[in-house]
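Coordinate analysis (summary)
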Amino acid sequence: MSGHVFHPGHEELHGITVVVSGRSGRTYVGRYHEQTPKGTLLHDVAVHDPAGGQSREEFLARTLKFGVRADQKHLVLADEEIGEIRRLVEFE
Amino acid sequence: MPYPEMMVKPMREEMVDMGAKELKSVPDVDAELGDQQGTTLVFVNSVCGCAAGGARPALRAALQQGPKPDKVVTVFAGQDTEAVARARQYFADYQPSSPSMALFKDGEVVHFIHRHQIEGKAPQDVAKNLADAFRKFCAPASV
């Protein structure tokens, strides 16, 4: 994945808003912070649950247009939950 | 908690140097955004790296290209908290992020750049996004 690290010493995605596709079916959009022993730490996280009625595509389209509506200030996602991590701007 | 003023002073000056008017209080914000005619860009400044490395250089570059807004104003997130909160009421449909930019035309938001569209990007990419919006919304109407 290309892109420059603007906080030297951190992982490439540090500070970048990412979309995490969860194996549970949930989707998480938040600012990637770092890998921890308990999983991946995100800040200011919006969570999409397909049981809520809104489609994932609608959720991502709304997030792209109006920004990340953070449900949780911090969230650690266990490795087992993480399917794929991509930058939010890749969905534009 | 705000950063020491000495630390953010150069970040404020960078904005003023490119022609932006700083809004540091609620009355300042209302005076500029309350009854708008024409085009206004609101730049939400920040101490973070994507403001220094992406957003501010991008705005400077975009302002040096073609058409530009009638006014450029700025509020500083984390520093002038009441002014920022007030400014965000004028673009309340958009989630708070900083840095970010809202372009208004006759009081309506016509273009918005979120932090996620700035982080990790080269300034020229963000400048193109802005300059395209300036050409679309700030160019004088052809006769």
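Since the structure is predicted, the reported quantities are computational estimates derived from the model, not experimental observations. (Residues numbered from 1 in each chain as written. Chains lettered and ligands numbered in written order. Predicted model: local features only at pLDDT ≥ 70, side-chain atom pairs only at ≥ 80, totals over all residues. Heavy atoms only, no water.)

Structural notes on the overall build of chain B
A tally of regular secondary structure across chain B gives 5 helices and 5 strands. The secondary structure elements of chain B, listed N-terminal to C-terminal, are α-β-α-β-α-β-α-β-β-α. The C-alpha radius of gyration of chain B comes to 14 Å, within 12% of the 15 Å expected for a compact globule of 143 residues. In chain B, which comprises 143 residues, the share counted as buried stands at 48%. Look at the contacts in chain B between residues 6 or more apart in sequence, and 71% of them connect residues 24 or more apart. Total accessible area on chain B is roughly 6700 Å²; 52% of this is exposed by carbon and sulfur atoms. One way to put it: in chain B the 16 positive side-chain charges average out to a point 5 Å from where the 18 negative ones average out. (Helix = DSSP H or I, 4+ residues; strand = E, 2+ residues; numbered from the N terminus. Rg over C-alpha atoms; globule rule 2.2 N^0.38 Å. Buried < 20%, exposed > 50% of the residue type's maximum accessible area, 1.4 Å probe, protein only. Contact = heavy atoms within 4.5 Å. Areas by Shrake-Rupley, 256 points an atom, 1.4 Å probe, with all protein chains shown as cover. Lys, Arg positive; Asp, Glu negative; His and termini not counted. Charge placed at Lys NZ, Arg CZ, Asp CG, Glu CD.)

Focus: the layout of surface pockets
The computed volume of the largest pocket comes to approximately 650 Å³. Around the largest pocket, the lining comprises 29 residues; the ones closest to its centre are R31 and D44 of chain A together with S97, S98 and R115 of chain B. For the lining of the largest pocket, the secondary-structure elements that each account for two or more residues are β2 (27-36) and β3 (39-48) of chain A. Of the residues forming the lining of the largest pocket, the biggest block, 3 residues, is contributed by β2 of chain A. Put simply, the second largest pocket is a space of about 230 Å³. Lining the second largest pocket we find A46, V47, Q54, F59, R62, T63, F66, G67, R69 and D71 of chain A together with D93 and Q95 of chain B. For the lining of the second largest pocket, the secondary structure elements donating two or more residues are β3 and α1 (56-66) of chain A. No other element matches α1 of chain A, which puts 4 residues into the lining of the second largest pocket. (1 Å grid on protein atoms, 1.4 Å probe; cavity = no way out; pocket = protein on both sides within 12 Å on 5 of 7 lines; lining within 4 Å. Points joined across faces, edges and corners; volume = space filled by probe spheres on them.)

What to know about the confidence of the model for chain A
The pLDDT averaged across chain A works out to 91; a share of 90% of its residues lies at or above 70. Every residue in residues 1-5 of chain A is under pLDDT 50, and counting partners more than four places away or in other chains gives 15 contacts. (pLDDT = per-residue confidence, 0-100.)

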